[in-house]
Amino acid sequence: MELLCLKCMKTSPRTATHCECGYQFTGDEPRNVPEAEASSMPSPPSDRDPPRGSSSQELFPSPNLPEPLADPLRVLRKVVIGLNWALATFLPALTVMCVLEESYVMAMVVFLSGFINVVWMHGVAKLLPTGPTDIIYLRSFRSDRQTGGIRTSIERVFDPLYRVSGIREPRRRMLRVVRFMSYLVFMLKYANPQYLNLEAGREWKGRLWRSLSEVRGVIIDIAEMTPAIVAEIRLCVKCVGMKRILFVVRDSEEPEAWLEQIRQLTDSPAALDDISVAAWGDGKKARQEFEKQAEAFRNRLPRDPAGLDLSARVLAEQMPEERFKETNTWLIFEIIAGVSIGIIAGVLIDMLIGQYASYLLLFFFYLYLGSQYRSFRRNCGSPSRLKIAARTIRPAVFLGYVSGVIALMVALLMPSVEAVHAAAARMKSSNNLKQIGLEMHNFNDANGRFPGVNRPMPPFQHPVSWRVLLLPYLEYEQLYRMYRFDEPWDGPNNIKLLSMMPRVYEIPPLKSKPKKTPIGHTYYRVFASRPGVTPSAMFVDGQEGPTMLSMSDGTSNTLLVVEAAESVPWTMPEALEYGPDLPLPKLGGHFRGGFNALLGDTSVRFIRGNTPEDRLRAWITKDGNETIPLD
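Calculation rules
- Residues numbered from 1 in each chain as written.
- Predicted model: local features only at pLDDT ≥ 70, side-chain atom pairs only at ≥ 80, totals over all residues.
- Heavy atoms only, no water.
- Patch = residues over 30% accessible without salt bridge, like charges linked within 9 Å, V, L, I, M, F, W, Y side chains within 5 Å.
- Areas by Shrake-Rupley, 256 points an atom, 1.4 Å probe, with all protein chains shown as cover.
- Salt bridge = Lys/Arg side-chain N within 4 Å of Asp/Glu carboxyl O.
- Helix = DSSP H or I, 4+ residues; strand = E, 2+ residues; numbered from the N terminus.
- Polar contact = N/O pair within 3.5 Å; in protein donor to acceptor, adjacent residues only side chain to side chain.
- Contact = heavy atoms within 4.5 Å.
- Expected span 1.5 Å × (residues − 1).
- Buried < 20%, exposed > 50% of the residue type's maximum accessible area, 1.4 Å probe, protein only.
- Arc of directions from axis to C-beta.
- Core = buried A, V, L, I, M, F, W, Y, C linked by side-chain atoms within 4.5 Å.
- Pairing = 2+ DSSP bridges.
- Axes fitted to C-alpha atoms, helices over the stretch in contact; angles between N-to-C directions.
- Phe/Tyr/Trp six-rings, centres within 6.5 Å; stacked < 30°, edge-to-face > 60°.
- Parallel < 35°, antiparallel > 145°, perpendicular 65-115°, else oblique.
- Left-handed = near helix turned anticlockwise from the far one by under 90°.
- Nonpolar A, V, L, I, M, F, W, Y, C, P; charged D, E, K, R; others polar.

Participant: Would you explain a nonpolar patch on the surface in this entry?
Facilitator: A contiguous nonpolar surface patch, about 390 Å² in accessible area, is contributed by Val405, Met409, Leu412 and Leu413. Along the polypeptide, Val405 turns up in helix H15 (residues 383-447).

Participant: I keep staring at the side chain of His441 and nothing clicks. Help me out?
Facilitator: Positionally, His441 belongs in helix H15. Only 2.7 Å separates the side chain of His441 from the backbone oxygen of Gly600, close enough to count as a polar contact. In this structure His441 touches Phe450, Met548, Gly600, Asp601 and Thr602, once residues within four positions along its chain are discounted.

Participant: How should I be thinking about helix H11 (residues 284-299) in this particular structure?
Facilitator: Each turn of an α-helix holds 3.6 residues, which means side chains three or four residues apart point in the same direction. With 16 residues, H11 ought to run about 22 Å at 1.5 Å a step, and its terminal C-alpha atoms sit 23 Å apart, in line with that. Looking at H11, one finds that the buried residues are Ala286, Phe290, Glu291, Ala294, Phe297 and Arg298. Mapping the buried residues of H11 onto a view down its axis gives an arc of 135°, with all of them on the same face. Facing away from the buried side of H11 by more than 90 degrees, the exposed set consists of Lys284, Lys285, Lys292 and Asn299. Those residues of H11 hidden inside the fold are in contact with helix H5 (148-158), strand S6 (217-221), strand S7 (245-250) and strand S8 (276-280).

Participant: Help me understand the environment of His521, please; the structure alone is not making it clear to me.
Facilitator: Mapped onto the secondary structure, His521 falls in strand S11 (residues 521-525). On the basis of relative accessibility, which here comes to 19%, the residue His521 falls in the buried class. Residues His521 and Tyr505, 16 residues apart in the sequence, show an inter-C-alpha distance of 8.5 Å. In contact with His521, other than residues within four places in its own chain, are Met501, Ser567, Val568 and Pro569. For His521, the side chain forms a polar contact with the main-chain oxygen of Ile519, separated by 3.3 Å.

Participant: Please explain the nonpolar core as it appears in this structure.
Facilitator: Soluble globular proteins tend to pack their nonpolar side chains together in the buried interior. Ranked by internal contacts, the top residues of the largest apolar core, which has 37 residues, are Ile436, Phe539 and Val561. Where this core is concerned, the elements lending two or more residues are H15, helix H16 (466-469), S11 and strand S14 (559-569). Looking at this core element by element, the count peaks at 5 residues for H15. Residues within four places of Phe539 in sequence aside, it is in contact with Met440, Phe450, Pro451, Val453, Val526, Phe527, Ala528, Ser529, Pro546 and Leu560.

Participant: Whenever I open this one, the sheet that holds S14 confuses me. Can you help?
Facilitator: Through backbone hydrogen bonds, the strands of a sheet pair up, either in parallel or in antiparallel fashion. With antiparallel pairing, 4 strands are arranged side by side in an open sheet as S11-S14-S16-S17. Both edges of this open sheet fall to S11 and strand S17 (604-608), since each of them pairs with a single strand only. Strand after strand, the sheet turns through a mean of 35° between neighbouring axes, direction not considered. Judged from the 4 bridges that link them, S11 and S14 form a sheet pairing that is antiparallel. When the sheet's bridge partners are listed, Thr522 is paired in S14 with Val568.

Participant: Any chance you could explain the sheet that holds strand S4 (residues 135-138) here in plain terms?
Facilitator: Strand order in the open sheet formed by 5 strands is S5-S4-S6-S7-S8, with parallel pairing between adjacent strands. Strands with a single pairing partner mark the edges of an open sheet, and in this sheet they are strand S5 (164-166) and S8. Direction aside, neighbouring strands of the sheet carry axes that sit 25° apart on average. Running over the sheet, H5 touches S4, S5, S6, S7 and S8 and is turned about 165° from S4. Against the sheet, H11 engages S6, S7 and S8, with an angle of about 165° to S8.

Participant: What's the story with the side chain of Arg298 in this structure? I'm lost.
Facilitator: Among the secondary structure elements, Arg298 is positioned in helix H11. There is a polar contact of 3.2 Å between the side chain of Arg298 and the side chain of Asn299. Not counting chain neighbours up to four residues away, the residues in contact with Arg298 comprise Val157, Phe158 and Tyr162.

Participant: Is there a simple way to explain the pairing of S4 in this structure?
Facilitator: When a strand is regular, its side chains alternate between the sheet's two faces. Burial along S4 is two-sided: the face carrying Ile135 and Tyr137 and the face carrying Ile136 and Leu138 are both buried. Where S4 lies against S5, 3 bridges are found, and the strand directions are parallel. Residue pairing in the sheet places Ile135 in a bridge with Val164 of S5.

Participant: Looking at this model, I keep getting lost on unusual backbone geometry. Mind explaining?
Facilitator: Phi is mostly negative for residues that are not glycine, and the peptide bonds are mostly trans. Residue Pro459 is bonded to the preceding Pro458 through a cis peptide linkage, with omega at 5°. Looking at the element boundaries, Pro459 is found in the loop between strand S9 (455-456) and strand S10 (463-464). Backbone torsion omega between Thr534 and Pro535 reads -15°, so that peptide bond is classified as cis. Within the secondary structure, Pro535 is located in the loop between strand S12 (527-529) and strand S13 (539-540).

Participant: It is not clear to me how the packing of aromatic side chains should be interpreted in this structure. Could you clarify?
Facilitator: Two aromatic rings are characterised by how far apart their centres lie and by the angle between their planes. Enumeration according to the criterion identifies 9 aromatic pairs in this entry. Measuring from centroid to centroid gives 5.8 Å for Phe158 and Tyr162, while their planes differ by 90°, and the two rings are edge-to-face. The exposure class of Phe158 is buried, given its relative accessible area of 1%. An aromatic cluster of three or more residues is present, and its members are Phe158, Tyr162 and Phe297.

Participant: Which parts of the structure should I look at to understand the packing of H5 against H11?
Facilitator: What describes two packed helices is the angle between their axes and the distance between those same axes. Close contact between H5 and H11 brings their axes to 9 Å; oriented N to C, the two are set at 45°. In this view, H5 runs oblique relative to H11, as classed from their interaxial angle. H5 and H11 meet at a crossing whose hand is right-handed. Contacts from Ile150, Ser153, Ile154, Arg156, Val157 and Phe158 of H5 reach H11 at Phe290, Glu291, Ala294, Glu295, Phe297 and Arg298. Broken down by class, the residue content of the contact of H5 with H11 amounts to 7 nonpolar, 1 polar and 4 charged.

Okay, here's the thing in structure tokens:
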């Protein structure tokens, strides 16, 4: 045996310590076996085939050899399985969370969408390859779009015994994070023969040379003879031999012309019987003939890999340059980033255009998903993979159509349903205010004035809320007796009463946009001015309540209670401060278009959100003598 220099690719005696070029042998270099010595070696038993998939790394374990072409599909399959398990684990929890929030439509959409994802990714994991590449398909990148039918027919012939792979086009690549935003579609496309999966990356020439040693055959499309194709033909003939190569030509010329051209390109003395050619043409008969020729090539392929030809590395280094992108090893993080961006984009769409408009987009997304499945069926030539897709992907597409129709119905019908619910909630809040107004007048009839704001109950010193003073008139005598006037509202006894807030102080939440109101908080509040401020609001902070005569503007022009934007504990003595020079606090926000307000005559008015500020101030004051125009 002789030692092979990995720097200049020349051989030296096995006793040598240095090569002529100065390279120092380490003992890990591959041995080159001369033909005379190789012929005297014993051959493997004839009744046992060489193991399928034996690689050049097993034959030549040197760390200086380049890595084979990257195969991200095998990594992607593991990622898909992991994502599928994670989604299947969290899907019930997400559905239960939506049910607990009483968002049943959202729970149904979340469950159907998540279940579709689980079924879809299960099918994709079944479709993505698990074994190594058996056949490498080489072609000119400029004719990629015209060779889709050829790849489909090749897959139909070689599947499931052989896995056919090819180098992906280095240009016109979409950003991976953007691709993974629509990962359902992307993964199905990646499992399609139209999207070749091997990544060349850096040092692609040596990596192609290394990969040719681990395959059983090569298919080369020579319809467009570029310098790269010519160099790849010569490299493949040197690495795997002429018998392991299938040349794909066009039926526009006679086969003899193609054979002669191949012999001239390779400078090979191979016999015509050693050259396999499959002619591709338009029409059903031409494609059937092409598949018969490819099948004949398949049947004559050896069962073992070609093995590593060290002398062919020089040819690989002489090939034309191509700018291949480096294979990204952070695939799992890109998928997570892409999916996260997709979720954030969905949330932003929901916030900007509304929940039901996003349901409408979901309907169109499932239609697009179905079209991609139909495209996969048209382009996939593998009967076994089509059966897998029929068992897994097709049910997901059907469920997608069902979910899309439901989402469409929700998007079209639920806004009107929510409008009815909003009107009912608004009417319920109006009735609450009317009841509060009636009990305030009952308090006035019994005490000669309305309840005071932030005023203690004699002989005690702690201020009391007007909402607590109305409890006996609202038929909550027992709750009124439980309140301790000798301690503040947040004392050890009174703080326990927050959870016992009467329903009349509660604004009915909207089902479409429920508010996270703390327990025992209310939005029904009154305006109060500081002593000496004129014109004054209905109530004065810390003083006795107003009388009917103090409302010089008239009871129908003075606000008693409003729906505020911020909630407060219902037992807390407080008020919305008003002054002529103070900015108005935020009001409403519970119903679209405005807020309910209780007037001094117990009527309830819905005040629009675009009401001018001067008119709103005129309603707040009781003695400003303003003129309020009729709407």
